[in-house]
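Observations on the three-dimensional arrangement
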Amino acid sequence: NVAITGNATGGVNFGSGLATYGDVNFYVAKYNPLGGYLWAKRSGNVGYCAGIGIATDKDRNVLSTGFIQGPVTIDGLSASSPGLQSKSAFLMKTSP
């Protein structure tokens, strides 16, 4: 399988019609070995959110790292950095 992360502004289709919106949004997506779409997640935010690193563990979970600046929501969970001018790191684990 292949997993990708990063950030995007505006609309992005990862294979399911899932699109980013608004300011800069974090995304993580997973594809099968033939490039077929499996799933994707993205942030909804007022602030800035970026995916920086990605890895998988022995159980095929996807581990994504990045940072947030301001209030964000990723996969239904809300978080915020201490202020709009400061950044906080995050680590997100997504099951296969």
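Values in this document were obtained by computation on a predicted structure and should not be read as measured data.

What the chain contains, in helices and strands, is zero helices and eight strands. For the chain, the N- to C-terminal ordering of α and β elements is β-β-β-β-β-β-β-β. In the chain, which comprises 96 residues, the share counted as buried stands at 38%. In the chain, 40% of the contacts between residues at least 6 apart in sequence involve partners at least 24 apart. In the structure as shown, the chain presents an accessible area of about 5200 Å², 55% of it carried by carbon and sulfur atoms.

This part covers the side chain of Asn61. Structurally, Asn61 is set in the loop between β4 (48-56) and β5 (62-69). Residue classification places Asn61 among the buried positions, given a relative accessible area of 7%. The contact partners of Asn61, leaving out residues within four places of it in the chain, are Ala55, Thr56, Lys93, Thr94, Ser95 and Pro96.

In this structure, the largest pocket occupies an estimated 210 Å³ of space. Where the lining of the largest pocket is concerned, the elements lending two or more residues are β6 (71-74), β7 (77-80) and β8 (88-94).

A few words on the sheet that holds β8. As summarised here, the arrangement of the three strands in space is β4-β5-β8, forming an open sheet in which the pairing is antiparallel. The sheet is open, and its two edges are formed by β4 and β8, each paired on a single side. Recorded for the sheet is a direction-independent mean angle of 25° between the axes of neighbouring strands. With eight bridges joining them, β4 and β5 adopt antiparallel strand pairing. Bridged to Tyr48 within β5 is Gln69.

Rules used throughout
Residues numbered from 1 in each chain as written. Predicted model: local features only at pLDDT ≥ 70, side-chain atom pairs only at ≥ 80, totals over all residues. Heavy atoms only, no water. Helix = DSSP H or I, 4+ residues; strand = E, 2+ residues; numbered from the N terminus. Buried < 20%, exposed > 50% of the residue type's maximum accessible area, 1.4 Å probe, protein only. Contact = heavy atoms within 4.5 Å. Areas by Shrake-Rupley, 256 points an atom, 1.4 Å probe, with all protein chains shown as cover. 1 Å grid on protein atoms, 1.4 Å probe; cavity = no way out; pocket = protein on both sides within 12 Å on 5 of 7 lines; lining within 4 Å. Points joined across faces, edges and corners; volume = space filled by probe spheres on them. Pairing = 2+ DSSP bridges. Axes fitted to C-alpha atoms, helices over the stretch in contact; angles between N-to-C directions.

From the geometry alone we can't say anything about function, so treat these as descriptive.
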